[in-house]
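Next come the chains, spelled out residue by residue.
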Amino acid sequence: MRGSRRRNAPQEASRKATPRSDSPLRQGLVISHLGKGLAVESLEGEIILCHTRRRLGDAAVGDRVLWSPCEGDQGRVEEVLPRISVLTRPGYAGKIRCVAANLDRVFVVVAPSPEPDLLLVDQYLAVCEHRRIPAEIVLNKTDLAGAQAAGALTDYERIGYPLHRVSAKAAIGLDELKQSLQHHCSMLAGQSGVGKSSLTNALLPDKNLRTGEISEKSGLGRHTTTAATLYHLPEGGDLIDSPGVAVFGLAEMSGQSLAWGYREFQEYIPRCQFNDCRHIRDKGCAVREAVEAGAISAARYERFLKLLDKLASPDDPV
Ligand code: GDP
Ligand code: ZN
């Protein structure tokens, strides 16, 4: 619980570099990935700098872990508990790195300005479908004249993505957005300049205080300002802030999973004549027929074809 943080009792194992064999495993939540270690929040709300064993692979922000106390005030993550979801990004040497775990809501932020990049919006939504993370859309900057942007979003509303109209600057629609964030672990995604940081600051008035606390407790100073970090929202729910980290690449998706990532295609895909239909110009393609009949938005289908092209050219960063 927030506000109930207290210091751990002095560590009995402080003279040893490795955990005592009898030291009990404790539950914790990874709240920041600091490069040199993980900031783990204990059940009591204490922040502990933890190291990981190599074999643990990639513990990520949002992971629930079992950890044991080590020397000083530090700890070691012994086990990453099963995840309900994970977002990844390409790492070095073709490896995939986990960036955020256990997200159960992604809010894709768009604005009248900069003009919405709908290909990017589709890409975020497809990755969310693929990862089984429910997504919602936030139209920010509604204090600006934005009829055009809102018009382009009706396609998304029609296929069931909730749309929130807000303004971080004019404090419009924020209470309703806070309610949608309650009971969830969420992340804001969107192109640069749409107002993600402004919204994050509006939702988390004590963000800097908390970041400072994590820096201080972990002993790693300013590292945390750019690290992906999980914050508890005052009204309930958690928000993972991942500044500057691209976590929505299509790299792990195939053409087939991209098609399933377009949720309005899902009811048609099983009706295609061939199991391996690519939904391009294939004979008997039910998806294409639905586009021609107007049941699927032609604009969304065109963007699907563009994303397929991107997938097919591995040199392009996707
Ligand atoms: P980010 O790149 O997505 O994090 O976007 P920022 O939060 O940095 O915002 C980009 C610009 O949009 C800044 O100049 C903000 O002041 C401005 N901005 C953010 N929210 C709003 C809003 O609701 N209305 C208006 N008019 N401007 C906003
Ligand atoms: Zn098809």
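Read on for a plain summary of the structure. (Residues numbered from 1 in each chain as written. Chains lettered and ligands numbered in written order. Predicted model: local features only at pLDDT ≥ 70, side-chain atom pairs only at ≥ 80, totals over all residues. Heavy atoms only, no water.)

Describing the packing of helix α4 (residues 174–181) against helix α5 (residues 196–203)
Contact geometry of α4 with α5 gives a least axis separation of 11 Å together with a crossing angle of 80°. Considered as vectors, α4 and α5 are oriented roughly perpendicular to each other. Side by side, α4 and α5 meet where Leu-174, Leu-177, Lys-178 and Leu-181 of the first sit next to Leu-199, Ala-202 and Leu-203 of the second. When its residues are assigned to classes, the contact of α4 with α5 shows 6 nonpolar, no polar and 1 charged. (Axes fitted to C-alpha atoms, helices over the stretch in contact; angles between N-to-C directions. Helix = DSSP H or I, 4+ residues; strand = E, 2+ residues; numbered from the N terminus. Parallel < 35°, antiparallel > 145°, perpendicular 65-115°, else oblique. Contact = heavy atoms within 4.5 Å. Nonpolar A, V, L, I, M, F, W, Y, C, P; charged D, E, K, R; others polar.)

Quick look at the environment of Leu-125
Along the chain, Leu-125 falls in helix α1 (residues 118–131). Considered as a pair, Leu-125 and Tyr-161 are 36 residues apart in the sequence and their alpha carbons are 9.3 Å apart. When residues no more than four places from it in sequence are discounted, the contact partners of Leu-125 are Val-108, Ala-135, Ile-137, Tyr-156, Tyr-161, Gly-261 and Arg-300.

A word on the site of ligand 1
Close to ligand 1 lie 15 residues, the nearest being Asp-143, Gly-193, Lys-196, Ser-197 and Ser-198. Within the backbone of Gly-195, a nitrogen or oxygen atom sits 3.0 Å from an oxygen atom of ligand 1. Here an oxygen atom of ligand 1 and a side-chain polar atom of Ser-198 are 2.6 Å apart. Surface burial for ligand 1 is 71%, taken as the share of its 580 Å² of free accessible area covered by protein chains. Here the residues of the shell around ligand 1 sort into 3 nonpolar, 8 polar and 4 charged. (Near = heavy atom within 4 Å. Polar contact = N/O pair within 3.5 Å; in protein donor to acceptor, adjacent residues only side chain to side chain. Areas by Shrake-Rupley, 256 points an atom, 1.4 Å probe, with all protein chains shown as cover.)

A look at the nonpolar core
Within the largest apolar cluster, 58 residues are counted, with the highest numbers of intra-cluster contacts made by Leu-103, Phe-248, Leu-258, Phe-265 and Val-287. In terms of residue count, the dominant contributor to this core is α1 (7 residues). Residues in contact with Phe-248, not counting those within four places in the same chain, are Leu-87, Thr-88, Val-106, Gln-123, Tyr-124, Val-127, Cys-128, Met-187 and Ala-189. The next biggest cluster of nonpolar side chains, apart from the first, holds 17 residues, and it includes Val-109, Val-138, Val-194 and Leu-199. (Core = buried A, V, L, I, M, F, W, Y, C linked by side-chain atoms within 4.5 Å. Buried < 20%, exposed > 50% of the residue type's maximum accessible area, 1.4 Å probe, protein only.)

Things to note about unusual backbone geometry
Trans is the common state for peptide bonds, and a negative phi is the common state for residues other than glycine. That bond from Ser-113 to Pro-114 is cis: its omega, 0°, falls within 30 degrees of zero. Along the chain, the position of Pro-114 falls in the loop between β8 (105–110) and α1. The phi angle at Asn-102 is positive, at roughly 65°, despite the residue not being glycine. Within the fold, Asn-102 resides in the loop between β7 (96–101) and β8.

As for the pairing of strand β4 (residues 64–69)
Counted residue by residue, β4 has 5 buried out of 6 residues, so it is predominantly covered. In the sheet, strand β1 (residues 26–33) pairs with β4 via 4 bridges, with the strands oriented antiparallel. Its bridge partner being in β4, Arg-26 is matched across the sheet by Trp-67. Two strands pair when backbone bridges link them, and β4 and strand β5 (residues 75–80) are joined in this way by 5 bridges, in the antiparallel orientation. For Val-65, the partnering residue across the bridge sits in β5 and is Val-80. The hairpin formed by β4 and β5 contains 5 residues between the paired strands, and Gly-72 there has a positive phi angle of roughly 65°. (Pairing = 2+ DSSP bridges.)

Observations concerning the coordination of the zinc ion (ligand 2)
For the zinc ion (ligand 2), the full set of protein donor atoms is Cys-272 (SG), Cys-277 (SG), His-279 (ND1) and Cys-285 (SG), and the range of their distances to it is 2.1 to 2.4 Å. The site at the zinc ion (ligand 2) holds 4 donor atoms, and with the angles between them running 104 to 115°, its shape is tetrahedral. Summarised as a motif, the one-chain spacing of the donors to the zinc ion (ligand 2) is C-x4-C-x1-H-x5-C. When sorted by exposure, Cys-272 lands in the same class as His-279, which is buried. (Donors = N, O, S within 2.8 Å, 3.2 Å for Na, K, Ca; no water. Tetrahedral: all angles 85-135°; square planar, octahedral: opposite > 155°, others 65-115°.)

Some points on helix α9 (residues 298–312)
Over its 15 residues, α9 runs 21 Å from end to end, which matches the ideal 21 Å to within 8%, given 1.5 Å per residue. Within the sequence span of α9, burial applies to Arg-300, Tyr-301, Arg-303, Phe-304, Leu-307 and Leu-308. Along α9, the residues classed as buried sweep out an arc of 160° about the axis, all on the same side. Counted as exposed and oriented over 90 degrees from the buried face of α9: Lys-306, Asp-309 and Ala-312. Of the residues flanking the start of α9, the one acting as N-cap is Ser-297, its side-chain oxygen 3.3 Å from the backbone nitrogen of Ala-299. (Expected span 1.5 Å × (residues − 1). Arc of directions from axis to C-beta.)

Shape is all these values report; function is a separate question.
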